[in-house]
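What follows is the residue order along each chain.
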Amino acid sequence: MAAALATESSSNVQEMLDIEQNKSNERAQWVLNAPKPPGFWQELVNSVRETFFPHRRKFKNEHDGFNLVFTFLHGLFPILHWCRNYKASKFRNDLMAGLTLASLCIPQSIGYATLAKLDPQYGLYTSVVPPLIYAVMGTSREIAIGPVAVVSLLLSSMIQKVQDPLANPIAYRNFVLTATFFAGIFQASFGLFRLGFLIDILSHAAVVGFMAGAAMVIGLQQLKGLLGIPHFTNKTDAISVVKAVWNSLHHTWSPQNFILGCSFLCFILTTRYLGRKKRKLFWLPAIAPLVSVILSTLFVFLTRADKHGVKIVKHIDRGLNPSSVHQIQFHGQHVGEVAKIGFVAAIVALAVSIDQSDTYMEAIAVGRSFASIKGYRLDGNKEMVAMGFMNIVGSFTSCYVATGSFSRSAVNFRAGCESTVSNIVMAITVLISLEFFTRLLYYTPMAILASIIMSALPGLIDFNEFYNIWKVDKLDFLACIGAFFGVLFASVEIGLLVAVTISFAKIILISIQPGTEKLGKLPGTDLFCDVDQYPMAVKTPGILIIRVKSALLCFANANSVRERIMRWITEEEEEEEKESSQRKARKNTQLVLLDLSNMMNIDTSGLASLEELRKTLDSNGIELAIANPRWQVIHKLKMANFVDKIRGRIFLTVGEAMASCLGA
């Protein structure tokens, strides 16, 4: 009776094992019979469709033209979505935020235009049209659009090598507008085809170093306005600027400019300190630049200080943005170089502004930081499309490259803005100022504009982040310092080049020496983890489980991965031989199981490396199995007939692979 029960129990267990084995085989077929992954062109079309038709899948009738048009308009103009719930109470908050924003924007825009070596009105133009375009196309409610210091410096430092702004200011301005057009084209393309990863060639560390270096260069250049120096160097490196300042101190500087500028610089910095100490006084540092402009202009006008050496702005053109369509240059020997400048400006305007959220660069990350606080979702691709279109339209209306400013966005947020209507209010206020009040700015001292720019620079230098980068990643710190010293002692382009070169070198080093790890099973769980990270993980005798951590197995790392696997097999066999000699038994490695869960893609070099590994293992009597290959990987393994060569040993998980191999 007992024997019969034991036999029945054994048969039940065997039956359950067979059922589980069949289920495991079925799941393995899921991997092998996956549909063909989308090709490059299909992914490109899908990316464009997702950008402009985000809710397309909700429609049952794919040919419903009205729904498609409606979805397209909603995707392109987010204002159509939120304006239906817009209330008068929200407009009241947006009105106050927009007016506060304008009080900061007007003096900053004039100062940044002079930094870009353009006439002051072009900074004001850039604070009118781009914010209006962004208001109807952007997804961030808090971001404030306009000119920024870093982009202004970048344009002036690069374009002046193509055309001297003093020798031919009209040709220089035309090149700036052309670079703005190309920057808009590139930004819109990044968002349209979901190419935002291109912006990441400037890593966070590189941006931190670049921003700090640019801030110091901008500060040194503002000594021209602060000291009232009439003739100044066009070079941007610190040594040339310091030398120019030193030479001018013995001849042509103006103490009156210096005293006036430093007085209001101290005033602006004091109001900023008070605004940080008491959050209710957020409006104080926001209006301080405008108050400084008004008071200093009145002082110069009443005392006629311009007759005693104080440099003033003088004439600013009044009226609406004039058309600049015919000023954009599409022909000539310098078009290719200006297009390159536009590409760099597009990357920096997005990347520096996104990362400056604490600071991904002044635009998208700035918006994301505030979006997370307000609890809504920011679409990065739509942001890039919106910024691209606003710069394209801006280039047609006498604007240069605009982006999101973190300092002005912070003011907009603290002022209680509810939507992008605050940008509309700001733009209309600047437009009214252009139409009626530009004559009042005739006596505005250049030293005040310099002090306003200098007061915004401390926020661009983050020494704590320098220290954090040093603690976390020394290679990132090298990119950070490279960008910093490159901008400070060479030029903006050299700083960017050094940062990108170091970042790419890091990527190449990581790709050439990819992470691979031996896995073991954690006791009491079904998890397989790195035996070095978890020493308690148990390795199965005769089976070597290896996880390839690289996302791409390619020509740069394929041989390195194969050699490391073979070295581990040798080490494993030597270790097992020592253990088996003590137990009078021997159990060499019989199976190598590759966990490819982290590998997203593989190229022909990677396939050739796996084929060579398989042949080497076969010659040594060792089998090869693969667990959890991703979509593109299993597709290419099937296309290369690699699955047949390893006799179909493809499994959904490492656990199922182990159960199948041990059961066999």
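No experiment lies behind these values; they were computed from the predicted model shown.

Examining unusual backbone geometry
Positive phi, normally seen in glycine, also occurs at Ser398, with a value near 65°. Counting through the fold element by element, Ser398 comes out in the loop between α17 (380–396) and β2 (403–405). Not every positive phi belongs to a glycine, and Arg647 is a case in point at roughly 60°. Inspection of the secondary structure puts Arg647 in the loop between α27 (642–645) and β10 (650–651).

Things to note about the pairing of strand β7 (residues 591–595)
Burial runs high along β7: five of the five residues are buried. Neither face of β7 is open: one carries Leu591, Leu593 and Asp595, the other Val592 and Leu594, and all of them are buried. Summarising the sheet, strand β5 (residues 543–548) and β7 pair through five bridges and their orientation is parallel. Each bridged residue has a counterpart across the sheet, and for Ile543 the counterpart in β7 is Leu591. When β7 meets strand β9 (residues 623–627), the two strands line up parallel, connected through five bridges. Counterpart to Val592 in the pairing with β9 is Leu624.

Details of the side chain of Ser296
For Ser296, the position within the fold is in helix α14 (residues 283–303). A distance of 3.1 Å separates a polar side-chain atom of Ser296 from the backbone oxygen of Val293.

A closer look at the layout of surface pockets
In this structure, the largest pocket encloses a volume near 1200 Å³. Looking at the largest pocket, it is lined by 36 residues, and the ones nearest its centre are Thr114, Lys117, Leu166, Lys224 and Met446. Elements represented by at least two residues in the lining of the largest pocket include exactly α5 (88–115), α6 (120–125), α9 (169–192), α11 (223–227) and α20 (446–455). Among the residues forming the lining of the largest pocket, the class breakdown is 19 nonpolar, 10 polar and seven charged.

Considerations on the confidence of the model for the protein chain
The share of residues in the protein chain with pLDDT of 70 or more is 85%, and the mean pLDDT across the chain is 84. Low pLDDT, under 50, characterises residues 355–369; the stretch is placed with 80 contacts to residues that sit more than four places away or in other chains.

Considerations on the packing of aromatic side chains
In this structure the tally under the stated criterion is 16 aromatic pairs. Their ring planes at 80° and their centres at 5.2 Å tell us that Phe186 and Phe343 sit as a pair that is edge-to-face. Residue Phe186 is found in helix α9, and its partner Phe343 is found in helix α15 (residues 335–355); the two are separated by 157 residues along the sequence. Of the aromatic side chains, those joined through ring pairs into one cluster are Phe463, Phe466, Phe484, Phe485 and Phe489. Across from the ring centre of Trp470, 4.6 Å away, lies the NZ or CZ of Lys474, which sits over that ring. A cation over a ring is seen here: Lys518 above Trp568, with NZ or CZ 5.6 Å from the ring centre.

Some thoughts on the packing of α5 against helix α19 (residues 421–436)
Packing of α5 against α19 brings their axes to within 7 Å, and their N-to-C directions diverge by 50°. One finds that α5 runs oblique with respect to α19. Regarding α5 and α19, the two cross each other, and that crossing is right-handed. Of α19, the residues touching α5 (which contributes Phe91, Asp94, Leu95, Ala97, Gly98, Leu99, Leu101, Ala102, Cys105 and Ile106) are Val421, Ser422, Val425, Met426, Thr429, Val430 and Ser433. Among the residues forming the contact of α5 with α19, the class breakdown is 12 nonpolar, four polar and one charged.

Observations regarding the pattern of salt bridges
One pass over the structure, following the stated rule, counts 12 salt bridges. Between Arg614 and Asp618 there is a salt bridge, with the nearest N and O atoms lying 2.8 Å from each other. Of the two residues, Arg614 and Asp618 are both situated in helix α25 (residues 604–619); the distance of four residues between them amounts to about one turn of the helix. Judged by relative accessible area, which is 34%, Asp618 ranks as partly exposed. Salt bridges linked by common partners bring Glu517, Arg547, Lys549 and Asp595 together as one network.

A word on the packing of helix α21 (residues 463–472) against helix α22 (residues 474–489)
The geometry of a pair of packed helices is captured by two quantities: the angle between their axes and the separation between those axes. Here α21 crosses α22 at 140°, and the two axes come no closer than 6 Å. The chirality of how α21 crosses α22 is left-handed. Across the interface between the two elements, Phe466, Ile469, Trp470, Lys471 and Val472 of α21 pack against Lys474, Asp476, Phe477, Cys480, Ile481 and Phe484 of α22. Along the lines of polarity and charge, the residues of the contact of α21 with α22 split into eight nonpolar, no polar and three charged.

What counts and what doesn't
- Residues numbered from 1 in each chain as written.
- Predicted model: local features only at pLDDT ≥ 70, side-chain atom pairs only at ≥ 80, totals over all residues.
- Heavy atoms only, no water.
- Helix = DSSP H or I, 4+ residues; strand = E, 2+ residues; numbered from the N terminus.
- Buried < 20%, exposed > 50% of the residue type's maximum accessible area, 1.4 Å probe, protein only.
- Pairing = 2+ DSSP bridges.
- Polar contact = N/O pair within 3.5 Å; in protein donor to acceptor, adjacent residues only side chain to side chain.
- 1 Å grid on protein atoms, 1.4 Å probe; cavity = no way out; pocket = protein on both sides within 12 Å on 5 of 7 lines; lining within 4 Å.
- Points joined across faces, edges and corners; volume = space filled by probe spheres on them.
- Nonpolar A, V, L, I, M, F, W, Y, C, P; charged D, E, K, R; others polar.
- pLDDT = per-residue confidence, 0-100.
- Contact = heavy atoms within 4.5 Å.
- Phe/Tyr/Trp six-rings, centres within 6.5 Å; stacked < 30°, edge-to-face > 60°.
- Lys NZ or Arg CZ within 6 Å of the ring centre and 35° of its normal.
- Axes fitted to C-alpha atoms, helices over the stretch in contact; angles between N-to-C directions.
- Parallel < 35°, antiparallel > 145°, perpendicular 65-115°, else oblique.
- Left-handed = near helix turned anticlockwise from the far one by under 90°.
- Salt bridge = Lys/Arg side-chain N within 4 Å of Asp/Glu carboxyl O.

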